[in-house]
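Residues per chain are reported as follows:
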Amino acid sequence: MECNNRDLAILARLDCPHCGGLGYGEFKRRGMLPCECALRNIFRACYARFRHCVQDARSLSRVNFERAPTGRSNRGSWGLKREEYMADFEIVARRTLSAPRYRLFRYHHILGASVLMCARRIGLPSTATHHAVDRIESSLGRAFATLQPYPLYPLSDYFKGRRAEPVKPCPLPVRSAQTVQPWLSIPQGRQRTGQQQVA
């Protein structure tokens, strides 16, 4: 997604102390970047559509025809658009977030637990859990908007956009034998006694 200043200003909070409602800010080390409030609103729009797809049982498993220059006849293809969106939403979150953050995302956004309940479950103070949820939403908002070749946001392009060129597979990153992590690993680094580190 190519975000211009107008799109970011629409997504931004008017009372944001960082951007002042512009949707972008200039940072000393990183330059001009979208503000966290705009990225969180991108995530919340995608999350609202995800919840709508999950809760609307009338249109589940409805096959949609999408015109695209793919296949033998170059006319289009049939697909389950809502199920594809729900799967893309969850897979992008799983690939973007670290294991502790994905666990908090799963508790709060997928299973619907409150921040206080998540804080009790994870073992963090409620304020730290609330800030961790904000960081999760901003990082996923950035991931949903910059996903390649077809982002999840804007939603109108995902659900009704016509693709002018065939879909090409994205190359997967090559992992060496040294970077492969075992399935069960003991977290290392700074840890508080009796608490898990999420952020």
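This text follows the structure it describes.
Residues numbered from 1 in each chain as written. Predicted model: local features only at pLDDT ≥ 70, side-chain atom pairs only at ≥ 80, totals over all residues. Heavy atoms only, no water.

J.: Please explain unusual backbone geometry as it appears in this structure.
T.: The residue after Tyr153, namely Pro154, is reached through a cis peptide bond having omega 5 degrees. Residue position: Pro154 is located in the loop between α6 (126-145) and α7 (155-160). (Helix = DSSP H or I, 4+ residues; strand = E, 2+ residues; numbered from the N terminus.)

J.: Just to check I follow, could you spell out the nonpolar core for this structure?
T.: General note: in soluble globular proteins, nonpolar side chains tend to be found buried as a group. The biggest cluster of nonpolar side chains holds 36 residues, and the ones touching the most others in it are Cys46, Tyr85, Phe89, Phe105, Leu140 and Phe144. With eight residues, helix α2 (residues 36-55) is the single largest residue contributor to this core. Leaving out residues up to four positions away in the same chain, Leu140 has contacts with Phe43, Val92, Ala93, Thr96, Leu97 and Phe105. Ranked by size, the runner-up nonpolar core spans five residues in total, among them Ala12, Cys16, Cys35 and Cys37. (Core = buried A, V, L, I, M, F, W, Y, C linked by side-chain atoms within 4.5 Å. Buried < 20%, exposed > 50% of the residue type's maximum accessible area, 1.4 Å probe, protein only. Contact = heavy atoms within 4.5 Å.)

J.: Got a minute to help me understand the packing of α2 against helix α4 (residues 99-110) in this structure?
T.: When two helices pack together, their arrangement is given by the angle between the helix axes and by the axis-to-axis distance. Running from N to C, α2 and α4 point in directions that differ by 60 degrees, and their axes come no closer than 12 Å. Taken together, the axis directions place α2 and α4 in an arrangement best described as oblique. Note on element contacts: α4 touches α2 through Phe105, His108, His109 and Ile110, opposite Phe43, Tyr47 and Phe50. (Axes fitted to C-alpha atoms, helices over the stretch in contact; angles between N-to-C directions. Parallel < 35°, antiparallel > 145°, perpendicular 65-115°, else oblique.)

J.: Before we go on, may I ask you to explain a nonpolar patch on the surface in this structure?
T.: Together, Val63, Phe65, Trp78 and Leu80 give the surface a local cluster of nonpolar side chains, amounting to about 410 Å² of exposed area. Looking at the secondary structure, you find Leu80 in the loop between β4 (77-79) and α3 (81-96). Residue classification places Leu80 among the partly exposed residues on the basis of a relative accessible area of 32%. (Patch = residues over 30% accessible without salt bridge, like charges linked within 9 Å, V, L, I, M, F, W, Y side chains within 5 Å. Areas by Shrake-Rupley, 256 points an atom, 1.4 Å probe, with all protein chains shown as cover. Salt bridge = Lys/Arg side-chain N within 4 Å of Asp/Glu carboxyl O.)

J.: Just to check I follow, could you spell out the pattern of salt bridges for this structure?
T.: Any two side chains of opposite charge can pair, given that their charged atoms come close. The final tally for this structure, using the stated rule, is two salt bridges. For Arg44, the salt bridge is made with Glu137, and the minimal N-O distance between the two is 3.0 Å. Taken together, the residues span a long stretch of sequence, with Arg44 in helix α2 and Glu137 in helix α6 at a distance of 93 residues. According to the relative accessible area criterion, Glu137 is buried, its value standing at 7%. Put simply, Arg94 and Glu90 hold a salt bridge, and the shortest N to O gap is 2.9 Å. Taken together, the residues span about one helical turn, with Arg94 and Glu90 both in helix α3 at a distance of four residues. The class of Glu90 is buried, set by a relative accessible area of 17%.

J.: Whenever I open this one, α3 confuses me. Can you help?
T.: An α-helix turns once per 3.6 residues; consequently, residues spaced three or four apart project the same way. Across its 16 residues, α3 extends 22 Å between first and last C-alpha, which sits within 8% of the 22 Å expected from 1.5 Å per residue. For α3, every residue scored as buried is listed here: Lys81, Arg82, Tyr85, Met86, Phe89, Glu90, Val92 and Ala93. Taken down its axis, α3 places every buried residue within 165 degrees of arc, on the same side. (Expected span 1.5 Å × (residues − 1). Arc of directions from axis to C-beta.)

J.: Looking at this structure, how should I read the side chain of His108?
T.: As for its placement among the helices and strands, His108 is situated in helix α4. Of the polar contacts made by the side chain of His108, one reaches the backbone oxygen of Ala113; its length is 2.8 Å. Excluding its chain neighbours within four sequence positions, the residues that come into contact with His108 are Tyr47, Ala113, Ser114, Val115, Cys118 and Val133. (Polar contact = N/O pair within 3.5 Å; in protein donor to acceptor, adjacent residues only side chain to side chain.)

J.: So what exactly am I meant to see when it comes to the environment of Trp78 here?
T.: Tracing the sequence through the fold places Trp78 in strand β4. Exposure remark for Trp78: the relative accessible area of 63% places this residue in the exposed category. Counting along the chain gives 14 residues from Trp78 to Asn64, while the straight-line C-alpha distance between them is 5.6 Å.

J.: How should the packing of aromatic side chains be read in this particular structure?
T.: Two aromatic rings are characterised by how far apart their centres lie and by the angle between their planes. In this structure the tally under the stated criterion is eleven aromatic pairs. Ring geometry for Phe50 and Phe89: centres 4.5 Å apart, planes at 15 degrees, overall stacked. Of this pair, Phe50 sits in helix α2 while Phe89 sits in helix α3; the two residues are 39 residues apart in sequence, bridging distant segments of the chain. Using a relative accessible area of 10% as the deciding quantity, one classes Phe50 as buried. The exposure class assigned to Phe89 is buried, which follows from its relative accessible area of 0%. Ring geometry for Tyr85 versus Phe89: centroids 6.4 Å apart, planes at 40 degrees, classification tilted. (Phe/Tyr/Trp six-rings, centres within 6.5 Å; stacked < 30°, edge-to-face > 60°.)

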